[in-house]
Structures are given as structure tokens and as C-alpha cells.
Amino acid sequence: MSDAKEKYEVVIGLEVHAQLATESKLFCGDSASFGAEPNTHVSPITLAHPGTLPKTNKKAVEYAVKMGIACHCEIAPFTYFSRKNYFYPDLPKGYQVSQNVHPICDKGYITIHTNGTKRNVLLDHIHLEDDAGKSIHDLYPDYTCIDLNRAGTPLIEIVSLPDMHSAEEAFQYVTEIRRLVRWIGICDGNMEEGSLRCDANVSIRLKGEIKLGTKVEVKNLNSIRNVKRAIEFEVERMIKMVENGEKIIQQTRSYDADKNITFALRDKEEANDYRYFPEPDLAPIELTEKDVQRIKELLPALPQDLQADFVEKYGLSAYDAEQLTLEKDTADFFLQTANISNQYKAIANWITGPLRQLANDQQIDFSQLQMAPEQIAGTIQIIDEGKVNFSIASSKILPALLGNPDATALDIATKENLLQTSDTGELEAWIDEALASMPDKVKEYQKGKKGLIGLFVGQVKKISKGKADPKITTELLQQKLG
Amino acid sequence: MFSFSSIEEYLRDLLHGRTTCKEAVQYFLDNISSAQHLNAFLEVYGAEALQRAAELDQQRQENPNSIGKLHGVVIGLKDVIIYKNHKLSAASKVLEGYEAVYNATAVERLLAEGAIVIGRQNCDEFAMGSSNENSAFGKVLNAKDNTRVPGGSSGGSAVAVQAGLCMVSLGSDTGGSVRQPADFCGIVGLKPSYGRVSRYGLIAYASSFDQIGIFGHNVADAALVLEVVAGEDEFDSTVSNEPVGSYVSNIKSNSDKKYKIACFRQALEHPILDAEIKTSIFNTIEKLKSEGHEIEMVDFDYLDYIVPTYYILTTAEASSNLSRFDGVRYGHRTKEKNVDLSAFYKKSRSEGFGIEVQKRIMLGSFVLSAGYFDAYFTKAQKVRQLLKKATKEIFSQYDLLIMPTVTAPAFRFGEKSEDPIEMYLSDIYTVFANLVGIPAISLPLYQHSNGMPFGLQVLAPMFKEDEMLQFSDKVMEIKAL
Amino acid sequence: MIEITDQLVDNLAELSRLEFDATQKSVIKSDLQKIIQFMEKLNELDTEGVEPLLHISTRTNVLREDEVKGSITREEGLKNAPATDGQFFEVPKVIQK
């Protein structure tokens, strides 16, 4: 199989839909929030009652432009909506309001890293459109249930060019989109809940061939991991077919995550004629350079840029920079703490290590951690001063700081008697006690097994309940044992 | 004995205690009762209207100084204008049982000024037609001559005013559906500029052509209703933010103004135009000239292209606007079982829509479909652009435009042939205003030798309703002399 | 001059979700033929270089604030439903062939 694989180039284009986190829907004032009782976020407009008309949500436009800026797109100076006409029970108007010409953002790219190499995946465009409602097929045997809460919520569709060449690239691409939309605050990027959706267009061709192969659309990819798995399956399926001399049919297939297969969606209508035409009920949108600039200024520093900064200005490793910029909250926290303390590496460690762990344990977002940058800076400082060691700080001091905005690391260490002793008298006593408890090891050490020093330090730490300064202890031990 | 001639007089009579709203409503209810054969109303809100009249009478007793601009004015609504908690059907079976859950903005504004809605008026199904013969609930008869059509699509609304069944009516005008029936029924019919009146609550036929229009006995009444319903609306993105003039109080302003008026030569010389209409209009032109106005014949080479352009664009928009009538959330649903989704839609829709509506939906799908879009739809959009530019040109040199409203007065039922084109061509003078978005009014100036009325159409630049109304008022005075 | 074939009529009916019996179909076909031919009169006009009119109103940027308002109750929303269980709109199940 691997030999066959080498012959082919995989070509992938992705269409990613992101549900915009606005308060209200794209064209009317119903709530756009998720999870409400069925058909409670409805108005005559959502229900497409006779005589109703749409009106565009200003914030949705702003969010679309924000994404366009983040993806290095050209923001259209003149953009308008079009009707995409088709019939489906969860599409109340019998058309979707979308954009098929003059989309709000044109071209652009998304940067991905695969196996250490950086690449810009080219976009075709980003456009705005309203979402359909939900069809629920499994409540009753004879009826499909329609819930129109979601009908009309704002979506941006990010359309790439067929510019990815492996399932891994597709994985990285969707991961990056998720990071971006969450970073700039326009979408919560939750594929499981459907606020981020992905359809893949996959084709293969012999390496060197210029013409694109027949493409297959793969839907129902409900996690980033499944995007990768589904594409891998599909590529293998296609290669097998072609190697067997079979022709690939252009079709839409659905991914079954349990079985890890794709299957053809039957009764899929032939290429639907959507009869697009300009939406006469909506005014076009004009965006001047000033408008775009104003929106640009609302954007925070973008993750890619911060990642580079962290390496170049703060001297962090590429790995640390990447870890810190997985989410905006951790990057922000780093910057705030780095304002107070210049122990950049230490700050990074605290954030990517104990702090993130704390958040995971409490099953909350990093932003919800009740910890101030000053508190971490303070913790780092007392470690640096030798007053406590990292292990005590992370296991005992950190939890005590949580939710106590006025507490400092020093306070807690003092109160809880955690301060390390560098008093040689006390240390000598503990050292003697430790060494006395393992005479054989002492002998081995003196015979040459210098590595055992760590064991002795550990024992001293234990006896001292962590108060022994490990550095000084080590020095004293070395002096004592020779 | 109640009688009605104008809203102004009515309001004066009310304030002087010479009549009451209750008396007015009862008068119209009685008339409606005796005129049921006309089939102008699909539903009459008798009890409700009397109740409201009683309330208004009470309010007026207590606070004679703060009555609304349309206090006690009895008004009818075309069956395409939505009135909360009342049935609405667009004269179609596809909306059977539908009860409105919100008010059209225009209706809100009427009610806020004290109007009384007396009923829902018959029309051509989904406003598609020029004779009110396409209603699912039977045709409407012209009150002047019951063997003749009232015009369409707002036939019921026109007849209601013509026959004294209400004081004014709200209709809708997409290609002449207010002006043409006004002409056929001998009353005033006004179509505002596109975007002058909110379309929120007006069942959409062709979104970039539709406007709510007004029927009345005189220009001042139409002007007053326009003043109340016009203006910006938070629910309509296509409504204009041009300030609304005080159309009524301004109507006698500029009474000495002499206008420079254009008339399309090709319109008056068109072979399709009835000879008497032509003569009458030429006579009016002479009369106006003698009053000091300048009337000039202007060449308009696009006349033969406006009807095809109109039908391409309106059927396209309509085919999409009518997709929501699918039996899922409201309206007619097929009773057939065990059908797949596609058949479910087809049966529900075909059982509900009349044949003219289905035809226009098919046409619309055609001109929008891949392969034909450029040749038809885009082409028509380009012609519309040419028309808009030509209109701007004309109004850069002239204040107003006049032309016939119709090619011939109200015809007899069954007289128009089976040829769809003949029917469509009779709209030739009215569709122009909708294509370019300008306001237009039909003035009932004449009577044909066959006994039927017909009128003159006055058109103005966009948002120049003031000028149009002032001039119209003057023209009506000339007639009265 | 385009010819309106039975196939075209069928395709359009499918797109429009309409159905016709034989008589209606024949009338529709012939009317469509006449009307579409009539529409082709526009080909006499030279529109080279003319921009299609996309919007009749000249306003742009007619936008609303992102506020939650204007919703109706579920009861009101379902009031006109041909079939409902009080929570959802119901349609006959989409038959998967």
C-alpha cells in the first residue's frame, strides 16, 4: 500500500463554517445562544412569516472583517448578500442568505506548521451567511422534528483553495482556525457542539499531474481529529479504487466515526441549481480603509505574531512559545506576568505546567483561574531567592494563592512555615539524621557512587519537610562526605 | 344621514359633533352588506370596527384636542398586508388558516393615528394579475359596471373605495396594481417612491418593485394616509431615510407654480392605446398649457422593452419570495401520506397555488437558472440600469412626467384573450414607475364613451411626492371646474 | 430563440417544487414559450458595458445593533403549524430510499 501511496498526490480543500458568537442572529434580534428549549429563539422573521424582512447585524459584519484581517485577506470595499435558493424543512425562507459574488473577505492565507515546517495555506475567500435550523429524525418514527432556534444564526464560511496535501495538514489547518476564531473572540470553536464545522473536498492525482482528480466531498466531521481520520480513510479508499482501475465518482460522502469509514450519501440531489441572485431586501455594505483600520485596532496581537515575539523578544523556546499561544488567555497571562518579572522561562513553565494543570483539574478555562500575575511573579521571586523550592511552591503555595487575591507567595510560605532554611546549623542536623539512616549508601558514595548525592538530598528534604534548601544541602553534603 | 366626501370634512364633522365614528362605521358596514355581490371584501371586521369606533368616540369626547391624524378613518387592507391576530391569505389557498402574529409597520402607524380597519380586501392571488380574476376566492366586480373587471391586482381595495365601502384603502403596487384599478374604478390611486413606505408586513411579490399604495376619493386623502405610513422603519433595510414631507398641509403650496412636464411621445402614439384616452390626454395637455405649464413631447425609445424587463425581474424575485409557502410552518399542507420530501413540497404547493402564480414561479426559476441567468436576468438588470439613467436624464430637465395609466378602460370579464402577452402588455404604462422606483399617481379625470372612467398618470422624481401631490391636486381642481 | 421542451418544463417544476397534470403542463409549456420569447425582445438592446442594476435603493450599510429583541413565544410561533407536538414543527419523515 505504501508503494501505491507514493505515486499519488493528495489534494484537499476545506470549507470551515464558524458560528459567530454574537448576541443576536444575523438578520433579526432573536438570541443566537446555544442550548435553549426548541423553538424559543424565534420571531416572525426567523419563521419566515409572510411579509417579514431581514436587517443585518453590525457585529456579525465586524466579526467577519476581524477574521479576514487575521487571515490576511483583502477586505471587500463593496460587498452584498445573495440568495441561495433550495428547499429543505429546516430552511424556513426556502433560501439561505449568503454571498456568492463579492464576498466580504477575499483571498488570504492561514499559516500551519507540520513537522516543524511552516506553510501558508491559501484561502479562496471568507463570506457571511445565515445558518439553517435543525432537523431531528429520531424522536418519532413517522415525523422529523424541526427546531428553528439555530435558523438565522450568523456563520462565516472560510473556503480554502485546494491547497492542502495531507490529512495532517488538514488537521493543522482546522486547529489553527479554531485557535484564531477563539483568539480574536468571534467564535468558541466547539466542533462537538457545532459552532465550528468542517467539510472536506478530497481528490488524488498522480504526482506530476496538473489536472485535478475527481473530488469527493466528505461531511459529518465532528471533531478535528475526525477530520484527519476521515481524510486518511478517504485517501486510502480512493487510492485502492484507482489502483484497481475503478473510476472515482464525484459524490458526497458522510464519515462514520465509530466505524472510521466514509459512505456515500444516497438520494443526494444532482448538483443543485441554487439560482443565486442579489438579495433585494438587504442594503449592500461599503467598508472604507478607515473602517477596516478601526476594526484592526480592535484586534489583539495575533497568535502567530506573539509566538514569534516570545521567541525573539523573550527568548523562549519554540515549544514554549507554541504552548503559550495555544490560547489567548495563557499568552495574555504570560505578557502580564512578564511585565513584572523578567524570569521569562520560569513564567512560561508555571503557565504551561502547574497553572494549566490546575485549570484542567478544576475543569475550567484558564481565564477563570483566580490567580493574578503578581502572585506568580512573587512565587518565582522567592524561588529565585532560594526561600522555597519549586516543588513546595507548586504543591503547597500555588493552591493557597488560588482565589486569594491579596495573598502573596511570601506570606503563605511564611505563615505555613514553608520557607527553606539555609541555616547551616539546622541543615547539619538534618543531614546527620539523613546520613545516619542510610549508612550503606554513605559507604557506596564514598566508594565512588557520586550519583547517590541526589538520594541524600531527597532524604534531607523529607526529614526537613521541604524546608532544606537543596542547593546548600548539596554543598554541605559534598563537604561532609568528601 | 352619514355621507363621506373627504377625510378633512369627516374630521371636522366629528369634532363638531355632526357625526360619530360609530355612525361612520355603521354606514360602511351597511354599504358592504348591500354590495356583497361585488366580492370586494374577503372578511369584514364588523363587531371589532364598531367596538373600536365606540372607543374612539369616547376618547374624542374626553380629549378632543388630541385625536390622531386618522381618527375614526375607516380603512380597508388588501389581503397582502398583515394585521396581527387576523387572517391573511394573499387571496390564495396556500395560506389557508394562517393567522398573523405581527402587524405590518404601515398598519401600526395607521392604528396609532386612530384609524379603524374594517376588513380584508380581495385581490389577485399574491398580487399577480391585472383584473382580480386570479383570486382563489372569486373575482371582484367593478361597481360602475358589474360586467367589467375592477382591475388588479388590488381590485377589492379599489372597488371598496369606489362603491363607498370604506373611506380609503391600502393596496400594493408592483407593476401598477394600485394605479390601474384606481383608473378602472374612477378613483385616486397612489404609488409612493420605492422605499418611501416600509414593506415590513407586506407579502413580498417582487422585493425591489413592491410598495404599499393608497386608494382614495381625492388627492388630499391619499396624501394624508401617505404622510402617516411613510418614513424610516427599523425592520425594513430598503426603506429610505429621506424625511417625510407634510404632504397634506403642503398640498396647496406652490399654487402659482408652473411646471415643466414631459410626456413620452411613444407612449401617446402607441398603437395599443385607446383613441379616446389619447384624445383626452392631449386635451388635458392643451388645458395645462393654457394654464401656463410647459408640456413637451419627449422621445423614449425604451417603451417596448419595459414590460419584458419587468416580467423577467419580478418573476425572478417572486419565484424566490414564494418558496417559503411550503406547508412546514404555516399554510396549506397536502393530506397525502407516504410521500417523499420532494413530493410533499410539490403537492402542498401545487394544491395551494393558483395556475397564474405557478406560471410566474416557473418563469422566475427559468430566468434565474444556470445557463439562462446571464441571457435573461442579467440582461434585464442592465436594461433596468439604462431605464434608471434615462429617467434621471429626463428629470434633470423636467419636473414631472405625465402619461396614460392604462391602454384601455376596464374590459369585460372574459374579454381579454388567452394570450398571456396581451394581458402583460396592458401594464405598459404602469410598470415603468416600479422599474425605476419613482412615485406615480392615477387621477380619475375622464369618462369613456362606454361609460367607464379612466385617468391620467402623473409621475415625479424619487421622493418628490410633494410636487406630485401639489400638481395632482391642481389638475383635479381643473377637472372640477 | 429558445425552445421550451418537456424536459425543461420538468426541470423547472422540480426546481420550483411544483407539479402539473398533463393538461396544465401543456398550457404551462405553451405559455412559457410565448412569454420567454417575449422576454427575448431585450436582445434588441445593446447593453455592452452597462452595469447590471443590483439594488434599486441607493442606501448602504443599513445595519442594526447586536441586541436581543423581537422574539415571540414558542406558542405563538407554533400557532399556525400544520403539525406540531407543542415543541417542534413536524414534517413527514424524510424517506431515505
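Only a predicted model underlies this, so the values are computations on that prediction, with no experimental measurement involved.

## Focus: the overall build of chain B
In step 1: Along the backbone of chain B there are 16 helices and eleven strands.
In step 2: Here chain B has a C-alpha radius of gyration of 22 Å; the compact-globule value for 481 residues is 23 Å, and the two agree.
In step 3: By its C-alpha atoms, chain B is 65 × 55 × 45 Å across when sized along the principal axes.
In step 4: By residue count, 68% of the 481 residues in chain B fall in the buried class.
In step 5: Taking the contacts inside chain B whose residues are at least 6 apart along the sequence as the reference set, 75% of them involve residues at least 24 apart.
In step 6: Of the roughly 15,200 Å² of accessible surface on chain B, a fraction of 47% belongs to carbon and sulfur atoms.

## Structural notes on the packing of aromatic side chains
In step 1: The full count for this structure, using the stated rule, is 43 aromatic pairs over all chains.
In step 2: Each residue in the set Phe2, Phe4, Tyr10, Tyr27 and Phe28 of chain B is aromatic and connected to the rest through ring pairs, giving one cluster.
In step 3: When the ring centre of phenylalanine 171 of chain A is taken as origin, the NZ or CZ atom of lysine 228 of chain A, which lies over that ring, is 5.7 Å away.
In step 4: Against the face of phenylalanine 413 of chain B rests lysine 139 of chain B, its NZ or CZ located 4.7 Å from the ring centre.

## Section: the nonpolar core
In step 1: By size, the foremost hydrophobic cluster in this structure holds 208 residues, and its most contacted members are Leu110, Phe126, Leu170 and Phe432 of chain B.
In step 2: Considering every element that reaches this core, the biggest residue donor is helix H10 (residues 303–321) of chain B, with ten residues.
In step 3: Ignoring sequence-local partners within four residues, the contact set of phenylalanine 432 of chain B consists of Phe264, Phe300, Ile306, Thr391, Leu401, Met403, Ile438 and Leu459 of chain B.
In step 4: Core analysis: the second largest hydrophobic core is formed by 104 residues, Met67, Ile186, Val292 and Trp350 of chain A among them.

## Regarding the interface of chain A and chain C
In step 1: Of the residues lining the interface, 53 residues belong to chain A; the matching set on chain C comes to 35 residues.
In step 2: Here chain A packs against chain C, burying approximately 3,900 Å² in sum over the two surfaces, 57% of which is carbon and sulfur.
In step 3: For the interface between chain A and chain C, the tally reads one salt bridge.
In step 4: Here chain A is connected to chain C by 26 residue pairs in polar contact (both at pLDDT 80 or more).

## Considerations on unusual backbone geometry
All names here are of chain B.
In step 1: The amide bond that connects glycine 152 to the next residue, serine 153, takes the cis arrangement and shows omega of 10°.
In step 2: When you line up the elements, serine 153 lands in the loop between strand E3 (116–121) and helix H5 (155–162).
In step 3: One non-glycine residue, asparagine 85, lies in positive phi territory at about 65°.
In step 4: We classify asparagine 85 as partly exposed; its relative accessible area is 48%.

So, how was this worked out
Residues numbered from 1 in each chain as written. Chains lettered and ligands numbered in written order. Predicted model: local features only at pLDDT ≥ 70, side-chain atom pairs only at ≥ 80, totals over all residues. Heavy atoms only, no water. Helix = DSSP H or I, 4+ residues; strand = E, 2+ residues; numbered from the N terminus. Rg over C-alpha atoms; globule rule 2.2 N^0.38 Å. Buried < 20%, exposed > 50% of the residue type's maximum accessible area, 1.4 Å probe, protein only. Contact = heavy atoms within 4.5 Å. Areas by Shrake-Rupley, 256 points an atom, 1.4 Å probe, with all protein chains shown as cover. Phe/Tyr/Trp six-rings, centres within 6.5 Å; stacked < 30°, edge-to-face > 60°. Lys NZ or Arg CZ within 6 Å of the ring centre and 35° of its normal. Core = buried A, V, L, I, M, F, W, Y, C linked by side-chain atoms within 4.5 Å. Buried area = accessible area lost by both parts, 1.4 Å probe. Salt bridge = Lys/Arg side-chain N within 4 Å of Asp/Glu carboxyl O. Polar contact = N/O pair within 3.5 Å; in protein donor to acceptor, adjacent residues only side chain to side chain.

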